[in-house]
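What follows is each chain in one-letter form.
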Amino acid sequence: MSKRRAYDRHNVVVNGSVMKLDLAIKNGLIIDGTGSAGFYADVGIEDGTIVQIGRLDSNANEVIDAEGHVVSPGFVDGHTHMDAQIFWDPIGSCSCYHGVTSVVMGNCGFTLAPCREEEADLVFRNLERAEDIARDAMLAGIKWQWETYPEYMDVLDGLPKGINYAGYMGHSALRTYVMGQRAFEEEATDEEVATMARLAEEAVRAGAMGFTTSRSHNHETSDRKPVASRAGSWNEIRTIVNAIGKTGAGMFEIAGETTGRDPERIRDYQQRLKHLAVESGVPITWGMFASRRAPGHWRSYFDLLDETAVAGGRMFAQVHSRSLNVLYSFEAHLPFDNWHVWRDLRQLSLSEQKAKLQDPGLRAKLIEVASAPSTRHEEIGATVNPPDWEWLFFMDRADGHDRSLASIAKNQGTSPAAALIDIALASDLKALFRMPINNEIDRDVLEMMKHPRSVVTFSDSGAHVSQIMDSSLQTNVFSQWVREKQELSLEEAVRMVTFEPANHWGFHDRGLLREGLAADIAIFDPETIAPNMPEVVHDLPAGATRLKQTATGILATIVNGQTLLRDNVHTGAAPGKLLRGPLASSA
């Protein structure tokens, strides 16, 4: 981006007097979130609000020189799982490192409320495996001070927050609150369904963004049973969503049914979604990925979006900006942690593993096991094959241009499993490997991103913390699709991650740079903004493991008019707010 010379300034005058601003951002390229062409101007901020965009005097308590940088609205992420993390990590990492200033949590039916303190293990059971949030971390990091969802929101309101948080009420927590242990195995009675519907409506009136559920076979408890929401009938979901519809507010998010590739099952599920959107009047949203194993499978779901609109309902898809990758490392987990021979090795400390890996006899056994179907799983009637080495990559850079273990092994004249061990040893066991499990084909990703009824969001930040690191979804939009592939303009990309999610989730005072709106702002260098390499850290409560990823090229992240991060370093500020739904003010 070309540099621009600073121009003359004029004082900001309010009610006839010169105003001293809290913060002035100077000399930046304003890309305001609308999709319109950028322009050079200053931004003046007072009391958390944008008060002027234009030529400003330097009379401010804090001045940021944004020359050579884009000044945009802060990024908005509509799909996170920070429900537990907010209690021990107020700044919202790792989303905050990628320009995100507002997030929505409570997706897929997983929340911490409603729940009685003595029954906390019921919600932990839903979260621990399904979202990879360690029970020990939750026990150590959460101070229980609520029972109902409105009480939970009041607790969140009082917590120090770096970024802004909004939340749904989750179906799994709602079921266990009403049904107890039965929620994991039984259908609810009519009376219990009526109670759930009443509580969901109460939550929306208190400011919940809506209601969420999961019917996905991927969501299991720590003992490998379905999470509580999966035991509920479709009629139960329908009753709750229709109750929310009566409020005139709120939305419904669903982790969808596992239909496989059966056209009849797919169509039945899609028609139920469409009918629910029409009869309830509630906007419905769900996440969608493409898969190389099922080319084009996603297209019928995007056709459903148009069908629903024609029928009078509202529905939109949440999509990602790149492949969905599972990350492997000796420091976290590997594909064969529970396989014969490997299982014993992986129970040792990293230093002990490093020593054992240099034992030729053990190394040969490990390579043999990793290169064949799991004998342990065969013994219980299941076949678990070794990784697809053509699609398991040595992640030595963050831009996706890395090499598969199959190609590395071929070049070295060895086996992929041997190459994995050698690479790990050469890095002191810190090497990362990534395996794309969805969105492997870029052209599908781009087509879904550009669909008029999709929103680019879906980071899952706060969940899958030792397995997946997608908090960098937003910075990847700029590094991959604007700069590298030149498929999007800066203006299109900014709109994708600011106004569009803000508008869909009803954050009408955010997502745009406009006088009178909240001063949530990202200042970044369009020539360098990009995700950094992830790393394995142990900074959760009780020392639990997670993946951490920062970004480069972001000069400042501003939340409600205060600088939260400068060069991706926390300033110590806690300007974030709880964003309640539209009925909260009248509740």
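All figures in this text were calculated on a predicted structure; none of them were measured in a lab. (Residues numbered from 1 in each chain as written. Predicted model: local features only at pLDDT ≥ 70, side-chain atom pairs only at ≥ 80, totals over all residues. Heavy atoms only, no water.)

(A) Spotlight on the overall build of the chain. On a plain count of helices and strands, the chain comes out with 18 helices and 28 strands. Whereas a compact globule of 587 residues would reach a radius of gyration of roughly 25 Å, the chain reaches 24 Å, a difference of no more than 12%. Dimensions along the principal axes, computed over C-alpha positions, put the chain at roughly 80 × 60 × 45 Å. Counting all 587 residues of the chain, 59% fall into the buried class. For the chain, long-range pairs separated by at least 24 residues make up 74% of all intrachain contacts whose partners lie at least 6 apart in sequence. On the chain, roughly 22,800 Å² of surface is accessible, and the fraction owed to carbon and sulfur atoms is 46%. (Helix = DSSP H or I, 4+ residues; strand = E, 2+ residues; numbered from the N terminus. Rg over C-alpha atoms; globule rule 2.2 N^0.38 Å. Buried < 20%, exposed > 50% of the residue type's maximum accessible area, 1.4 Å probe, protein only. Contact = heavy atoms within 4.5 Å. Areas by Shrake-Rupley, 256 points an atom, 1.4 Å probe, with all protein chains shown as cover.)

(B) Spotlight on the nonpolar core. Counting 118 residues, the largest nonpolar core has F87, L112, W286, F478 and F524 as its most contacted members. With seven residues, the top contributor of residues to this core is helix α5 (residues 190-205). Excluding anything up to four places from it in sequence, F524 contacts H69, V70, S72, F75, F478, L490, V494, I529, G553, I554 and L555. The next biggest cluster of nonpolar side chains, apart from the first, holds 37 residues, and it includes L334, L366, A418 and F458. (Core = buried A, V, L, I, M, F, W, Y, C linked by side-chain atoms within 4.5 Å.)

(C) Spatial organisation of the side chain of T213. Considering the arrangement of structural elements, one finds T213 in strand β12 (residues 210-214). If sequence neighbours within four positions are ignored, T213 has contacts with C108, G109, H171, S229, I237, F252, E253, I254 and A255.

(D) Spatial organisation of the pairing of strand β7 (residues 70-73). Two elements, strand β3 (residues 21-30) and β7, share two bridges in a ladder whose sense is parallel. Each residue of the ladder has a partner; that of L29, found in β7, is V70. Bridge analysis of β7 against strand β21 (residues 521-524) gives four bridges, and the strand direction is antiparallel. Bridge pairing links P73 to I521 in β21. (Pairing = 2+ DSSP bridges.)

(E) Here's a closer look at the sheet that holds strand β9 (residues 100-105). Taken in spatial order, the three strands line up as β8-β9-β10 in an open sheet, and their pairing is parallel. At either margin of the open sheet sits one strand with a lone partner, and together these are β8 (75-77) and β10 (164-167). For this sheet the average axis-to-axis angle between neighbouring strands, irrespective of direction, equals 15 degrees. Note: β9 against β10, four bridges, orientation parallel. Bridge assignment links S102 to a residue of β10, and that residue is N164. (Axes fitted to C-alpha atoms, helices over the stretch in contact; angles between N-to-C directions.)

(F) Region of the structure containing the pattern of salt bridges. Scanning all chains against the criterion turns up 35 salt bridges. E236 is the salt-bridge partner of R175, the closest N and O atoms lying 2.8 Å from each other. With R175 in helix α4 (residues 171-179) and E236 in helix α6 (residues 234-245), the pair connects residues that are 61 residues apart, well separated along the chain. Given the relative accessible area of 1%, E236 is considered buried. With its nearest N and O atoms 2.7 Å apart, the salt bridge here joins R272 to E257. With R272 in helix α7 (residues 263-280) and E257 in the loop between β13 (251-255) and α7, the pair connects residues that are 15 residues apart, well separated along the chain. (Salt bridge = Lys/Arg side-chain N within 4 Å of Asp/Glu carboxyl O.)

(G) Here's a closer look at empty space enclosed by the protein. Under the criterion given, the structure shown has three cavities of 30 Å³ or more. Of the pockets and cavities examined, the largest cavity occupies roughly 110 Å³. Considering the residues around the largest cavity, the lining is formed by 16 residues, among which G462, A463, V465, M469 and S471 are closest to the centre. Among the residues forming the lining of the largest cavity, the class breakdown is six nonpolar, seven polar and three charged. The space that makes up the second largest cavity amounts to roughly 70 Å³. Along the walls of the second largest cavity sit H81, A84, Q85, W88, D132, I133, A134, G462, V465, L540 and R546, which together make up its complete lining. Its residues assigned to classes, the lining of the second largest cavity comprises six nonpolar, three polar and two charged. (1 Å grid on protein atoms, 1.4 Å probe; cavity = no way out; pocket = protein on both sides within 12 Å on 5 of 7 lines; lining within 4 Å. Points joined across faces, edges and corners; volume = space filled by probe spheres on them. Nonpolar A, V, L, I, M, F, W, Y, C, P; charged D, E, K, R; others polar.)

(H) View of the environment of L564. Within the secondary structure layout, L564 lies in strand β27 (residues 562-566). Among all residues touching L564, those that are not within four sequence positions of it are I91, C96, G162, I163, T557, I558, V559, V569, H570, T571, A573 and P575.

(I) Focus on the packing of α7 against helix α8 (residues 299-311). Axis separation between α7 and α8 bottoms out at 10 Å; the angle between their running directions is 30 degrees. In terms of orientation, α7 lies roughly parallel with respect to α8. As for the relative orientation of α7 and α8, their crossing is right-handed in sense. For the pair formed by α7 and α8, the contact residues are I266, R267, Y269, Q270, Q271, L273, K274, A277 and V278 on the first element and S300, Y301, L304, E307, T308 and A311 on the second. Here the residues of the contact of α7 with α8 are counted per class, giving eight nonpolar, four polar and three charged. (Parallel < 35°, antiparallel > 145°, perpendicular 65-115°, else oblique. Left-handed = near helix turned anticlockwise from the far one by under 90°.)

(J) Broad picture of unusual backbone geometry. In this model, S93 is joined to C94 through a cis peptide bond whose omega is 10 degrees. You can see C94 is positioned in the loop between β8 and β9. In this structure, the amide linkage connecting A113 to the following residue, P114, adopts the cis form with an omega of 5 degrees. Along the chain, P114 falls in the loop between β9 and α1 (120-130). If you check the backbone angles, L429 has positive phi at about 70 degrees while not being a glycine. Along the polypeptide, L429 turns up in the loop between α14 (416-426) and β19 (432-438).

(K) How the structure looks around the sheet that holds β13. Read across the open sheet, the six strands follow the order β11-β12-β13-β14-β15-β20; overall the sheet is parallel. Two strands bound the open sheet, and with one partner strand each, they are β11 (169-170) and β20 (454-456). Across four bridges, the pairing between strand β14 (residues 284-287) and strand β15 (residues 315-319) is parallel. The residue bridging T285 from the neighbouring strand is F316, located in β15.

(L) Spatial organisation of the packing of aromatic side chains. In total, this model carries 19 aromatic pairs according to the counting rule given. Ring geometry for F211 against F252: centres 5.8 Å apart, planes inclined by 15 degrees, an arrangement best described as stacked. With F211 in strand β12 and F252 in strand β13, the pair connects residues that are 41 residues apart, well separated along the chain. One exposure class covers both F211 and F252, and it is buried. Cluster of aromatic residues (ring-pair linked, three or more members): F87, F124, W144, W146, Y149 and Y152. Looking at R125, its charged tip hangs above the ring of F184, at a distance of 4.1 Å from the centre. (Phe/Tyr/Trp six-rings, centres within 6.5 Å; stacked < 30°, edge-to-face > 60°. Lys NZ or Arg CZ within 6 Å of the ring centre and 35° of its normal.)

These figures come from the coordinates and say nothing about function on their own.
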